Structures are given as C-alpha cells and as structure tokens.
Amino acid sequence: MFRCVRWWKKVPTRMGFEPTRAEHNGLAVHRLNHSATSSCRSMRRSQSSLSSVQALRLKMVDSQYYLPNDIGISKLDCVEAFRLLSPQEKMYAHYLSRASWYGGLVVLLQTSPESANIFVLLQRIFRKQNPVQLEQVAVEAGLSSEEYMAKLKALVWASQAFQEQPAEMEVLWDSCSCLLYSLEDGQKQLGLGDKGITTYFSGNCTLEDAELAQRFLDSKVNWRCIILICFTWHYSMLGDYASLMEKVCYYLQQAQAYAANDNQKKMLEEYSRSFTLGSVEAHKEGSRYWIKDKGPIVESYIGFIESYRDPFGSRGEFEGFVAVVNKAMSERFASLVSSAEVLLPELPWPREFEKDTFLKPDFTSLDVLTFAGSGIPAGINIPNYDDIRQSEGFKNVSLGNVLAVAYATQKEKLTFLQEEDKDLFIKWKGPSFEVQVGLHELLGHGSGKLFVQDDKGKFNFDQSKVINPETGEPVSSWYRDSETWDSKFTTIASSYEECRAECVGLYLCLNKQVLSIFGHEGQDAEDVVYINWLSMVRAGLLGLEFYTPESKSWRQAHMQARFVILRVLLEAGEGLVGLEEVTGADGKPDARITLDRSKIHTVGKNAIHRFLCKLQVCKSTADVEGGRALYDNYSAVSDSSAHNFLRLRETVLLRKEARKLFVQANTRVSGDNVELVEYEANQAGLINSFVERFQDDAEQLEADLLEMSKRDAPCWC
C-alpha cells in the first residue's frame, strides 16, 4: 500500500470568502444535490424513483451540502477600468488573464477525484448547445423548467453531445456521477481519511500520516511524494499538471512583450521558470520582482498561493488574478501606509514582538478583470513567503468591485439583527468593511515578528532580554531555520492568522486617525465603528454554517476566525454583546444579536487587547501547544456552554442565504486591439463565459484534464 501527498507550503493571507467543496466557484458544479442520493446503487435507479425520494433526502441532509436553483449570480463589473487602459496595457492584461484561466483549472485536480470529470462533462454539453438550446431539448424530453435544473442524467442523455458520442459520454458520466451526488460522510466535504476527501492526499492518508510527512519534508517544498516508495515529482513540465503549466507559461511569455518595465519582465520570466522546472525558488524570485514593481496600472499575481482548502493547512492552491488600479481608493490606502509606523506601536504587544523595520508595502485598490481559482477574496496580502515578508516586504490589495457586489444587502434578507440596526447596517456595511479590509491586510497580516534561530545558530532577537508578557519569563521557544508558521501550527495556521488580522482591524478601527483617512468624521465615524463591530459579531454567528458536528471540524478559515471573535466578545460580559434564541415572525427558530455601542471603546477594546496579545505571543514564539489550546478552546462548538451553539447552528442553516456566484468577463484580441467580452448576470451568462474562455483548444484541453485525472486515480482508492 502506498500513500501520496502533494506538497506545497504556504501561509494564508487574504481576506475574503472561499467556497466549500459544494460551492466551488464556477470551475465545476461540484454538488448538484437538488436530486441527491447517497450511493451509486441509488444513482442507478430510474429517474422517477430518484425524484420520489428527493424531498425526503434533502430533509435528512444539512443544507450546506446542496445549492438552490435560484442562487444569486452577479456580474463583476470592470468595464470602466478596462476602458481606461492603453492598448499596451490591455494586451498585457489579456495574456495574463489567459495564463490565469488555464492555471485555474489546476484547482479541479486539487479538489476531489471527480471534479475534473464533472467540468469536462459540463463543458462538452454546453459547447454543443448553449443553455437556451439545451432548455428546449429538456422540454422536448419531457422535463419541466424546474426539472431541467435538477435531473441532470436525463438532460445528458438528451443532449447533442451524447447523441454524437454516446459511448464516450456514458463513460464520462459513469466516471463522476456517483461521486457527484454522493452524500457519504467521507465524500461530501474536504478532509483527511474518513473525515472527507482531498486530492492533496491519498484516500488512506490520516492526519498522523500528514504530520509524519510534514516532519520528513520540513525543508522541502512544492513536491508531491509517494511515501514508502520514495518516488517524487514536481508540478513542472515533466510532472503534475504539465499540459496546463505549458499553457500558463506560453501566455506569460506572450505577456512579457507588453510589460511596462524590467521588473514585470523579470517577474514573468521567473514565474515561467518556476512552472517549467517546479522551482519554488524561482517563484520566490519572481515575487521579489513583483514587490519592486510599485504602483502598476495592471496588477497581477499567479501561482500556488493559499492553503485554506488543504485539510492539513500547508499546500497551496493555484490561483491567478489580473486587476486594474482604482486611483481614488488607492490614495486612501496610500495614506494608511504612510501612517503605519505611527499605528503599529498601538498594537497590544511589546515592541520586541514587532518587526524590526516596517517595510512600507504597495497598497492599492483594484477592480478585478480576472480571478481564476476556487474563490474571489475582498483583499489580499502577499507574497506568502515568510522570509520575504519579514525582511523584504509585501503588497496589499483591496478588490473594490468585489466589495461592491459581495456586500450589497437587501433589508428583507438581513438575518439576526434588530430592526433598528438594519438601515444603519445597509448604509455603513460597505464603508466599514473597506476600513476593516485595509487594516486587516496592511496592519494585520503585515504586523508581528517571528522569533527565529537560523541554521548557524544566530537569533533574530535578543534571547537574554526579550520577555514573554504572558508569563513574565524570558522567551523560551522559537522557530528553527527550516520551520515556518505553517509547518508549526499546521491545521489551525490559516484560521489563527485570519483571526489575528481581524482582531487588528477591530482594534485599530477605533483610532480616529484611521477613520479620518477613510473620510469618516464625527457621528459618521462612530457609526462606521459600530457597524464594523456588529458585522464581525454577526459574521461569527453566520460562521456556524461552516462547522461540521460529525467531525468536529471547521471547513472555512475566515468563518472559524469570526466565530472565535464572537466567543471572545461574549466572554467579555458586561452586556457588550447579546445573543439570544427567539421565534421568528414565520414561527420558526431565529436568533437576535445585540451590541452595546457605548461599551465598544472600553469593554470591547480591552477584550480584543488581551486576546490579540495572546495570539501574537504564541505566534512569535512558536508556542504551538499554547496557541492551539487557546484557539481550540474558543473554536469549540457545543450545546453545553452559556449559548447552545449546536442548536444555533441549525438556526443559521435554516435561515442562510446562498453566497453569490460571480460572472467574469473574457478578453479577446481583435487585430491590434483587445476587446472586453461581457456576459449577463445569470446562469446562462456564467456558463457561456466558461465555454468561450476555452473554446480555442477545447477538445485537447478536455482530453488533457481527463488524462491527468485518470493518472491520479489509483491514489484515491
């Protein structure tokens, strides 16, 4: 028996909302559980039998495992930003977008055994017939418009793609349909061993196996390894994802001809070298050039970046983005950067626990043209290499058009708030989150020092003088040369760091200078503070959707972080935060959140001060035992505390609103110009955007994806 592990080590540093396995962002409709069944045997029943058990099955399953037909779909608008680009900048953006989209398909192979096959199945169907044509086929096949959305097998069999290649399409269906609908415990969510599925690890790999591999490969990165056979290969042109990486490199090389400066050219050269050779050092070198490229009109980053969806918390998922600067908002962020050296000393840890020198980063607001990966965040702080961030610098990015769409709120859909808070929430949610994003990314992820002893025995702090403020004793633990934040804190690293950054945002938003930078004075400033804190408390409750009682695990780093903060603020007492279970106007269970705004600057600030200091001290000193005990305690979801969080979770699921999907534009070269191709904000628009995105080489691309999926198949047995 062998075990295989994909190895990419990263630190997660972005603010946003990544999808669960069931909410994969458009790359594959991962769980079409409108007509879910629990096994392959069930899937082989007749369609009529399937529909007869549909309602019963859904009642038995948490709503987190299926998506409604009427899920919200919004257009990510970048028309004006793209229009203002020069012809050279448009070409640069076009080729970087192409590289990102092809690289983004890697995520299919990093998710689950069936994801790539589902994507190919859907692409083949919609390449032959667009959604309008296919709906007519469904009607002719006797399906109603609602059944057309749910009864996938009948639709596949009636499609033109099936009529032209019935044998191939049936094989493709059989390769993914059982897993597509499966609600077995080990198949319905991301996880290790019997707690879920992941293609970062073989099916027989446990947490203990992952920890063993981590220790063995602590100084290795970006490798996939077959343990016990000692066979390894990279994601280079000779290994994993080779055909996709070849496409990525081709388009990166095309983009070089339109780069604005040498830093951009050298950056793209190093990225290409990284994806060709599987070299992490090359990607790090490219990231160094990226940091030096200050204030570009077209901003981008690409590679194996974030580790949120690795159950072990170490391997990076592929993503690539291309965005255009928003000058007005960027001026505010530049002011925040200029104030950073004044604001950092206000954070609640001793000076020795802060970086020796604050390296002022680029901090811009961007409108996204392309974001290829498993989700689109609201803000990003990168690169994720600890050594570069600590000594060379980083960049902060706020994604303005994502913020504009993601946080648009209808009053009637606002849950768990008092009626008197709703209008204020709608008015200030966007502006307050803008402040939170800025503080979270710049002074949250950008703050704090890691105590390190290098391979020559040299310390980056005075071992004899630095005192742990929590114990009053000299610091007694630190990182060794080959150790990183991720490798030490593993499964909690992502969420812990997001929690720390969120706390920094809450803490520093109380500063009048910060509020003034963003244009908020007087009563408006106080309202921004109130809504920012209220939003965090509400987000903590909403985060319960992403907790799985069966495995006692969290599926989303940010949501766990916000729940932890809710627990901290509830624990502060003195009437700061109220959380009660009530009966809604519809007679169903509901909940109400209250926040005493008069106590935010006192009780609230003191609570975050204490907690934030503990988080930073454990992080700085590599105190895994203390940090894990602290974080696990606040992450616990039970029915035995002052609040029955397990029952509240059921209420959250009952009243949850599905998160939006984004329709993104495409670009295409027409003569010497680049055109922006937009799509309607509906299901047809989303589908058409993906079909047209890969239409030039669709058949070869689909064959490559199936081959890569087939090659990996023995690992998931």
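All values derive from a computational prediction rather than experimental measurement.

Peer 1: Please explain the overall build of the protein as it appears in this structure.
Peer 2: Secondary structure summary: the protein contains 29 helices and 19 strands in total. By the burial criterion, 59% of the 717 residues in the protein qualify as buried. Restricting to contacts in the protein with at least 6 residues of sequence separation, those with at least 24 account for 77%. Only carbon and sulfur atoms are counted for the fraction: they give 50% of the accessible area of the protein, which is about 27700 Å².

Peer 1: Whenever I open this one, helix α4 (residues 87-104) confuses me. Can you help?
Peer 2: Three- or four-residue spacings in an α-helix give side chains the same orientation, since the helix completes a turn every 3.6 residues. Taking 1.5 Å of rise per residue, 18 residues should cover 26 Å, and α4 covers 25 Å from first to last C-alpha, within 8% of that figure. With 15 of 18 residues buried, α4 is to be regarded as a mostly interior element.

Peer 1: Would you mind showing me how to read the UniProt feature "binding site: Zn(2+)" (unreviewed entry) in the protein here?
Peer 2: In this numbering, the UniProt entry assigns the feature "binding site: Zn(2+)" (unreviewed entry) to His440, His445 and Glu498. These annotated residues cover 59 residues of sequence, and their C-alpha atoms all fall within 8.4 Å of one another, placing them together at a single site. Following the sequence through the fold, histidine 445 ends up in the loop between α20 (419-444) and β11 (452-453). Its location among the elements puts glutamate 498 in helix α21 (residues 485-508). Taking the relative accessible area as the measure of exposure, glutamate 498 reaches 0% and is therefore buried.

Peer 1: Help me understand the UniProt feature "active site" (unreviewed entry) in the protein, please; the structure alone is not making it clear to me.
Peer 2: In this structure's numbering, the residues bearing the UniProt feature "active site" (unreviewed entry) are Glu441. Along the chain, glutamate 441 falls in helix α20. What makes glutamate 441 buried here is its relative accessible area of 0%.

Peer 1: Help me out: how do you make sense of the nonpolar core in this one?
Peer 2: As a rule of thumb, nonpolar side chains are buried together in soluble globular proteins. If you look at the biggest cluster of nonpolar residues, it comprises 99 residues, and the most contacted ones within it are Tyr271, Phe275 and Leu705. The contacts of tyrosine 271, once residues within four sequence positions are left out, are Leu252, His283, Gly286, Ser287, Trp290, Tyr301 and Ile302. By size, the runner-up hydrophobic cluster in this structure holds 92 residues, among which are Phe416, Val504, Met536 and Leu630.

Peer 1: Sorry if this is basic, but what is going on with the packing of aromatic side chains here?
Peer 2: Describing an aromatic ring pair means giving the distance of the ring centres and the angle of the ring planes. Summed over the entire model, instances satisfying the criterion amount to 31 aromatic pairs. Measuring from centroid to centroid gives 6.1 Å for tyrosine 271 and tyrosine 301, while their planes differ by 90°, and the two rings are edge-to-face. Placement of the pair is tyrosine 271 in helix α14 (residues 262-277) and tyrosine 301 in strand β6 (residues 298-306), with a sequence separation of 30 residues. Summarising the burial analysis for this pair, tyrosine 271 and tyrosine 301 share the class buried. Of the aromatic side chains, those joined through ring pairs into one cluster are Tyr95, Tyr102, Phe119, Tyr250, Tyr251, Tyr258 and Phe694. Lying over the aromatic face of tryptophan 157, lysine 153 brings its terminal NZ or CZ to 5.1 Å of the ring centre. One cation-aromatic arrangement involves lysine 395 over tryptophan 290; the distance from NZ or CZ to the ring centre is 4.5 Å.

Peer 1: I'm lost on unusual backbone geometry in this one. Help?
Peer 2: The bulk of non-glycine residues show a negative phi, and the bulk of peptide bonds are trans. Here isoleucine 382 and proline 383 are connected by a cis peptide whose omega angle stands at 5°. When you line up the elements, proline 383 lands in the loop between β9 (377-382) and α18 (386-391). Residues other than glycine seldom take positive phi values, yet threonine 490 does so here, at roughly 35°. Mapped onto the secondary structure, threonine 490 falls in helix α21.

Peer 1: Is there a simple way to explain the packing of α4 against helix α13 (residues 242-256) in this structure?
Peer 2: A packed helix pair is summarised by two numbers, namely the angle formed by the two axes and the spacing between the axes. Direction vectors running N to C along α4 and α13 enclose 170°, while the axes themselves pass 8 Å from each other. Taken together, α4 and α13 sit at an angle that is classed as roughly antiparallel. Of the residues in α13, those in contact with Tyr92, Tyr95, Leu96, Arg98, Ala99, Tyr102 and Gly103 of α4 are Leu244, Lys247, Val248, Tyr251, Leu252, Gln254 and Ala255.

Peer 1: Is there a simple way to explain the pattern of salt bridges in this structure?
Peer 2: Any two side chains of opposite charge can pair, given that their charged atoms come close. Tallied over the entire structure, the rule returns 34 salt bridges. With a shortest N-O distance of 2.6 Å, arginine 315 and aspartate 310 are connected by a salt bridge. Since its relative accessible area comes to 0%, arginine 315 is described here as buried. Residue classification places aspartate 310 among the buried positions, given a relative accessible area of 3%.

Peer 1: Any chance you could explain the side chain of aspartate 310 here in plain terms?
Peer 2: Take aspartate 310: it is sitting in the loop between β6 and β7 (317-325). Looking at aspartate 310, its side chain comes within polar contact range of the side chain of arginine 315, at 2.6 Å. Look past the residues within four positions of aspartate 310 in its chain and what remains in contact with it is Tyr200, Phe201 and Arg315.

Peer 1: Would you explain helix α15 (residues 280-292) in this entry?
Peer 2: When the terminal C-alpha atoms of α15 are compared, their 19 Å separation across 13 residues agrees well with the 18 Å that a helix rising 1.5 Å per residue should span. In terms of burial, α15 is a largely internal element, ten of the 13 residues being buried. Taken as a whole, α15 has its buried residues at Val280, Ala282, His283, Lys284, Gly286, Ser287, Arg288, Tyr289, Trp290 and Ile291. Among the structural elements, α14, β6, β9, α18 and β10 (395-399) are those in contact with the buried residues of α15. Looking at where α15 begins, the residue whose side-chain oxygen comes 3.4 Å from the main-chain nitrogen of glutamate 281 is serine 279.

Peer 1: Just checking my understanding: could you explain the pairing of strand β18 (residues 666-670) for this structure?
Peer 2: The two faces of a sheet get side chains in turn, since along a regular strand they alternate between them. Note that β18 and strand β19 (residues 673-677) share five bridges and pair antiparallel. Opposite valine 669, over in β19, you have valine 674 as the bridge partner. The antiparallel hairpin formed by β18 and β19 contains two residues in its connecting segment, where glycine 671 sits at a positive phi of about 70°.

Peer 1: Got a minute to help me understand the confidence of the model for the protein in this structure?
Peer 2: Detailed conclusions should not be drawn from predicted coordinates in areas where pLDDT is low. For the protein, the mean per-residue pLDDT works out to 86, and 87% of the residues sit at or above 70. Under a pLDDT of 50 for its full length, residues 1-12 has, in the predicted model, 88 contacts with residues more than four places off or in other chains. Between residues 16-39, whose pLDDT stays under 50, and residues either more than four places distant or in other chains, the model counts 121 contacts.

Peer 1: How should I be thinking about the packing of helix α6 (residues 115-128) against helix α29 (residues 698-712) in this particular structure?
Peer 2: In the contact formed by α6 and α29, the axes pass within 9 Å of each other and the chain directions differ by 160°. With respect to α29, the element α6 is oriented roughly antiparallel. Taken as a pair, α6 and α29 cross one another with a handedness that is left-handed. Seen from α6, the contacting residues are Ala116, Asn117, Phe119, Val120, Gln123, Arg124 and Arg127; seen from α29, they are Ala698, Glu699, Glu702, Leu705, Leu706 and Ser709.

About the thresholds
Residues numbered from 1 in each chain as written. Predicted model: local features only at pLDDT ≥ 70, side-chain atom pairs only at ≥ 80, totals over all residues. Heavy atoms only, no water. Helix = DSSP H or I, 4+ residues; strand = E, 2+ residues; numbered from the N terminus. Buried < 20%, exposed > 50% of the residue type's maximum accessible area, 1.4 Å probe, protein only. Contact = heavy atoms within 4.5 Å. Areas by Shrake-Rupley, 256 points an atom, 1.4 Å probe, with all protein chains shown as cover. Expected span 1.5 Å × (residues − 1). UniProt positions renumbered as here; feature names shortened; annotations may be inferred. Core = buried A, V, L, I, M, F, W, Y, C linked by side-chain atoms within 4.5 Å. Phe/Tyr/Trp six-rings, centres within 6.5 Å; stacked < 30°, edge-to-face > 60°. Lys NZ or Arg CZ within 6 Å of the ring centre and 35° of its normal. Axes fitted to C-alpha atoms, helices over the stretch in contact; angles between N-to-C directions. Parallel < 35°, antiparallel > 145°, perpendicular 65-115°, else oblique. Salt bridge = Lys/Arg side-chain N within 4 Å of Asp/Glu carboxyl O. Polar contact = N/O pair within 3.5 Å; in protein donor to acceptor, adjacent residues only side chain to side chain. Pairing = 2+ DSSP bridges. pLDDT = per-residue confidence, 0-100. Left-handed = near helix turned anticlockwise from the far one by under 90°.

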